[in-house]
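A structural walkthrough
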Amino acid sequence: MDYELEVFEVYDENDQPTNRKHLKHNRKKCKQKTTVINIDNTDNDITRSKTSVVSSECQRRPLSLRQSIISVFSKLIIWRNQRRYQTTVPDKADSPHTSRDFRKGYMPCDNQRRIHANDRTFNSQFRYANNYIKTSKYTVLTFLPLNLFEQFQRLANFYFLCLLVLQLIPAISSLTPVTTALPLIGVLGLTAIKDAYDDFQRHVSDSQVNNRKSQAVRDGKLVQEKWSAVQVGDIIRMDNDQFVAADILLLTTSEPNGLCFIETAELDGETNLKCRQCLLETAEMGQDDALISEFDGEIICEQPNNLLNKFEGTLTWKNKQYSLDNDKIILRGCVLRNTQWCYGVVIFAGKDTKLMQNSGKTKFKRTSIDRLLNFLIIGIVFFLLSMCLFCMIACGIWETLVGRYFQTFLPWDSLVPSEPLGGATIIALLVFFSYAIVLNTVVPISLYVSVEVIRFVQSFLINWDNQMYDDQTNTHAKARTTTLNEELGQIEYVFSDKTGTLTQNIMTFNKCSIGARSYGDLIDKTTGEVVEITEDTESIDFSFNKNYEPDFRFYDKTLLDSIKNNDENSHNFFRLLALCHTVMSEDRGGKLEYQAQSPDEAALVSAARNFGFVFLERSPNSITIDVMNNREVYELLCILDFNNVRKRMSVILRKDGKLRLYCKGADNVIYERLRPGSEDIKLKTQEHLNKFAGEGLRTLCLACRDLDEEFFNDWKQRHQQAALSLEDRDEKLDKIYEEIERDMILLGVTAIEDKLQDGVPQTISNLILAGMKVWVLTGDKQETAINVGYSCQLLTDEMLDVFIVDASTYDEVNQQLLKFRESIKIVNTYHPRSPPINATNGTVDNQESSTGTSTPPRPHAPAVSVVTFRWDDAIETCQNLRASTELEYHGGNADKIEESTTGFAIVINGHSLVHCLHPQMEGLFLEVVTQCRSVICCRVTPLQKALVVELIKKHKHAVTLAIGDGANDVSMIKAAHIGVGISGQEGMQAVLASDYSIAQFRFLERLLLVHGRWSYYRMCSFLRYFFNKNFAFTLCHFWFAFFCGFSAQTVFDPMYISVYNLFYTSLPVLGVGIFDQDVSDKNSLMYPQLYKPGHYNLFFNKKEFLLSALQGCYVSLVLFFIPLGTYFDAVSPTGLSLSDYMLFCAVVATILVIVNTAQIALDTAYWTVFNHIMVWGSLAFYFMMDYFYNYVIGGPYVGSLTKAMSEMNFWFTTLLTVIISIMPVLAWRFYFIDVAPTLTDKVRLKQRLMQMRSRQSQDVLRTPSARKARRSIRSGYAFAHQEGFGRLITSGKIMRKLPNPDFSIPGLVKIINPSAGDTGGKAHKNSSVAPATQESNSGSSRAPIQDLDTINL
């Protein structure tokens, strides 16, 4: 493989003239070396760099002119800095690099980075990122400009800024600038304080991470340093159970052969242990800090990227080069497990780490209501300008025809020309701006103050909800942002992680079947029915076993009785569990502890241990167990390792001269390899398998076979030949394994529960009933994801089909998607009407998964009874959508509820998803997945999760929510409209990046269906009333213009105008926005379909805004003209004139406040003490404020309102105006509630009836049972195991314990090949075994064989 390497040499001017070259540009061809090669010793690093091996990423790509210019300037800058660097950095005696090396500076090509271990001076010239992590948006210096820039992106804020400038011009302003300046400053200040608080919390979180302690090697000793102080090239030490501070190259570990074990849950969600192995040459340094501090290796590797499973580079040390791959790298976010200590050199730090590269950028999130408000405000501004234009024209006409004759009484300003037409034109132009100021309250700045206050208080209501408090972790729900609350009521797509989010990742041995008899259920002796197991159910006492685990629970005593009665089947069953595995044991303080590579194996070995079959220890060639206090030692002859194609693992053991093969694996794989004549036990066990799978349990079949010594020796010889083959090794090994793994005897079935978090099935069921689509995006394997899908009822046995997309190439994926689309079209063509009673064509066939399994309905047989539900029907109108929420309580539309349990589901593998996200295929992909009820993406990377979310956001324009608990979910959380972090599971990275944090997935139901729906409902109610009252308030000025010569004279006192929205009418509307409830929280959860209006913006949209505006116009007409008719030329009974401008204005202002208060009071559905205080208190405050302002301060309207209230005209006028203003709206609403009630109306009616009767009743719309046990013919197989551990065990690399001398492997070789003498020993020393089998029969690629997997026979 050829590469191009660019080398630049920069010489100092003091060098000899013969050698002086300011710039030397060499381009050489390099070939990648995979073997260790010697390099001649040289005097400088430039020569070394010319011959260094670089990664395959180092190909030169053509640069544009702009890139070329930037590259030249950047190199000149580096050269200049190095010249300056020469005079300030003295040579270090102990450094392998002198200042001359820096003068001859390295200019690496674009796709490589060069690192010298323990040499900060050298590494600093490349300006690599430090290990400081920053998730905050602002600093002290950037906060003010950035925050103001964000706030003025709101058109209303920018509009009021322009308005403030206009008010500073006395010639056109009839109002003081204070009326706009104070609210604007208040809005900007409150929002800035909130944003500063949110960002301060991010700074605190960043500080906690950056100030974590790490141990770095400095001058031959360990020193403690903060994570933020770690730099590229530093060597750091990690201890067991510690997080890794940066991406490091592993140098040395505490385990044999340089092995270490890590948990990568933060990266890919998997908690099963993964193995890493350092170079044996560096492992010899051990934990000698002096030797490690002298390590001066040079690392050339790829540039930072987001590929978690790929790393390429080379290490040059002691004149030798070593190839580096992903098995020698530990990434930031991993946790060291089962390894006492390890050392590594930092390769990538901070933002360059693969964890941060997958995290994505923090985005400024805005709700759909914010975007709608921006649009509406543009429309309102145009409406305002049209009114101003009308008033300007009318003013010009009036001044021309009438106004010029009143100059003696109303003289024109000196700026206005005396000529009538010209003067009228100038006055009209000035009046345009005057009315723009007077009528500006149609877009009140207090709108945004109120919105922020409502969101802020709603956030506290979420934080204070004790029903979302988790007492186990002492964690409350927390709204980490205060700007997205109403968006929680409009979620259409929920993207969820699996491990730690849906599941606890705790495997428990739940049930089993042995010898065609099922164990695990508690049977009531009187009724014969299965008894539900609760926390109060008494478990079996295992204290007779000294090695039992107190936390282990099993409730069926008949299984223990069969073991104590020496039942042969039970003994063979548990003996297999104790022997057939790759678990390692360790004695810690007299306590036996297991180190399992997967939680599945840990659960099985733990079950055997508690039932008396205790795995004690192992060596490379033996396994020791304790069977009912009797020690048994088995000779381990061979491990046939597990992989994703074989779906099984086997061990071959010898004891007392008898050979036996034990095998465990997927049920369909084991059943094909059973000996003939065992149909009876197979049939009964299959029934148990179906039962276990229907309950969502993970199943494994167990089988064994006795072997003949002669047959095994012959097989072993052929196995060795296949293992040493250089061609088609995997295929040959697979055939060899098939020869011996057949004619087995079925022992039984294990059923393990991958424990879901509490309430997960019910939560998902309710979310689906609420109209949301739930997608699971996980890094786990396909079988595990499918199994959990059934457990949490994303997948059900009633489904028509479960599609599996698992092809590897673009064309194959395209064919699979086309096939599935046709299957969906066939079903949709017939439009069947009722759900199937027992759909069986949704079976997932694991054997056919490589070609994309599905069981499409037959075109000629449309007898399949289903309910077709199209989520994105383009012809469905808003009226239909609204009608879809109008469900009857009894009968009628019951079928609509059942549709959520049928339909299609699709499972997509990560390597197929790469092609699905291709621009040319994403249309087809979306067409298929949007018609599926459930979508599961497995084996996906963190970046793929974010891309899936972005795809839905881009094409479906739907509100999305992402929920996860690990760092691998951060990019998805940031990409979604709403990000929810699960706290207390896998660290705090997901929580730190989230908008809301909860402790359990089940709390998402209440967060969305209760708080989200309430927040959306309250915000929409608030906006409708707010625009209504402000149109009513502002248009009074417009009507008054017809009576004041369009002179921009105001109806209301300037003080009233200033405080109308701030004090007089703000509190009642805030009360609605904060406390109102149309239905209770209990009914919100009982009727999830109440959530659906949020999907279609039914509560507030352009139509609702227009209705609110028209209602405000109607109220303003009534409000202005009824008092005008009353007080026009009015006279009191005493003969005093009531036709007074100030008295009329005071009456209109008072009735306006009363009308608004009455409207709010009639429409408030949920009264609290605070609502009463806000509604009636604000009304009383108006009268007190008016009295105080006019009588105490001495306002211009003193006595006006008092005089009006002393006459009966005022009270009759007020009553008439209020009735006429409110009655049409009430009549309209009562009519539709009676004729066409929505589901909300019906639930509110039932809620009132229940309150009146003081009792509660159940309803047919109740969410179906969360977990229904049903018969299933699908496979329950799911085994989270990884290939390779069997080879590590038999090679002895993973062992501290030496091989058992009683079972000599060389002896075995002689048995296999009696003629082998010294040659056989030599062959034993040099031979190796390849991985067990190939990933796919179709020739899919496998990872190359590494030193980690090499086995010496």
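Residues numbered from 1 in each chain as written. Predicted model: local features only at pLDDT ≥ 70, side-chain atom pairs only at ≥ 80, totals over all residues. Heavy atoms only, no water.

**What to know about the state of the cysteines**
Counted by the stated rule, this structure contains 0 disulfides. Free cysteine C937: the closest other cysteine sulfur is in C938, separated by 7.7 Å. Here C937 falls in the buried class, since its relative accessible area comes to 0%. The closest cysteine sulfur to the non-disulfide-bonded C1044 is located on C391, 8.5 Å from its own sulfur. (Disulfide = S-S within 2.5 Å. Buried < 20%, exposed > 50% of the residue type's maximum accessible area, 1.4 Å probe, protein only.)

**Quick notes on the packing of helix α32 (residues 1003-1041) against helix α33 (residues 1054-1064)**
Contact pair α32 / α33: the axes reach a minimum separation of 11 Å and the direction vectors enclose 170 degrees. Here α32 is positioned roughly antiparallel relative to α33, judged by the angle of their axes. Residues F1026, K1029, N1030, F1033 and H1037 of α32 form the contact with α33, whose participating residues are Y1056, I1057, Y1060 and N1061. (Axes fitted to C-alpha atoms, helices over the stretch in contact; angles between N-to-C directions. Helix = DSSP H or I, 4+ residues; strand = E, 2+ residues; numbered from the N terminus. Parallel < 35°, antiparallel > 145°, perpendicular 65-115°, else oblique. Contact = heavy atoms within 4.5 Å.)

**Some thoughts on a nonpolar patch on the surface**
Together, L389, I393, I397, L401, V402, Y405, F406, F409 and L410 give the surface a local cluster of nonpolar side chains, amounting to about 940 Å² of exposed area. If you trace the backbone, I397 turns up in helix α12 (residues 368-401). Exposure remark for I397: the relative accessible area of 47% places this residue in the partly exposed category. (Patch = residues over 30% accessible without salt bridge, like charges linked within 9 Å, V, L, I, M, F, W, Y side chains within 5 Å. Areas by Shrake-Rupley, 256 points an atom, 1.4 Å probe, with all protein chains shown as cover. Salt bridge = Lys/Arg side-chain N within 4 Å of Asp/Glu carboxyl O.)

**Focus on the confidence of the model for the chain**
Residues at a pLDDT of 70 or more form 77% of the chain, whose mean pLDDT is 78. Note on residues 1-63: pLDDT under 50 across the span, and 132 contacts to partners over four residues away in sequence or across chains. Contacts of residues 72-108 to residues separated by more than four positions or lying in other chains number 57 contacts, the stretch itself having pLDDT below 50. (pLDDT = per-residue confidence, 0-100.)

**Let's talk about the packing of α12 against helix α13 (residues 420-438)**
Packing of α12 against α13 leaves a shortest axis separation of 8 Å and a crossing angle of 150 degrees. In this view, α12 runs roughly antiparallel relative to α13, as classed from their interaxial angle. Handedness of the α12/α13 crossing: right-handed. Contacts from L384, L385, C388, L389, C391, M392, C395, G396, E399 and T400 of α12 reach α13 at L421, A424, I427, A428, L429, V431, F432, Y435 and A436. Classifying every residue of the contact of α12 with α13 gives 16 nonpolar, 2 polar and 1 charged. (Left-handed = near helix turned anticlockwise from the far one by under 90°. Nonpolar A, V, L, I, M, F, W, Y, C, P; charged D, E, K, R; others polar.)

**Quick word on unusual backbone geometry**
For N474, which is not glycine, the phi dihedral falls at a positive 55 degrees. Judged by its relative accessible area of 55%, N474 falls in the exposed class. One non-glycine residue, K647, adopts positive backbone phi at about 55 degrees. Among the secondary structure elements, K647 is positioned in the loop between β26 (630-640) and β27 (648-655).

**Regarding the pattern of salt bridges**
For side chains bearing opposite charge, pairing can occur when the charged atoms are close. This structure, assessed with the given rule, holds 51 salt bridges. Across the pair D241 and R337 runs a salt bridge whose closest N-O atoms are separated by 2.9 Å. With D241 in the loop between β6 (235-239) and β7 (247-253) and R337 in strand β14 (residues 335-337), this residue pair connects regions lying 96 residues apart in the sequence. Under the relative-accessibility criterion, D241 is labelled partly exposed at 46%. For R337, a relative accessible area of 23% translates into the label partly exposed.

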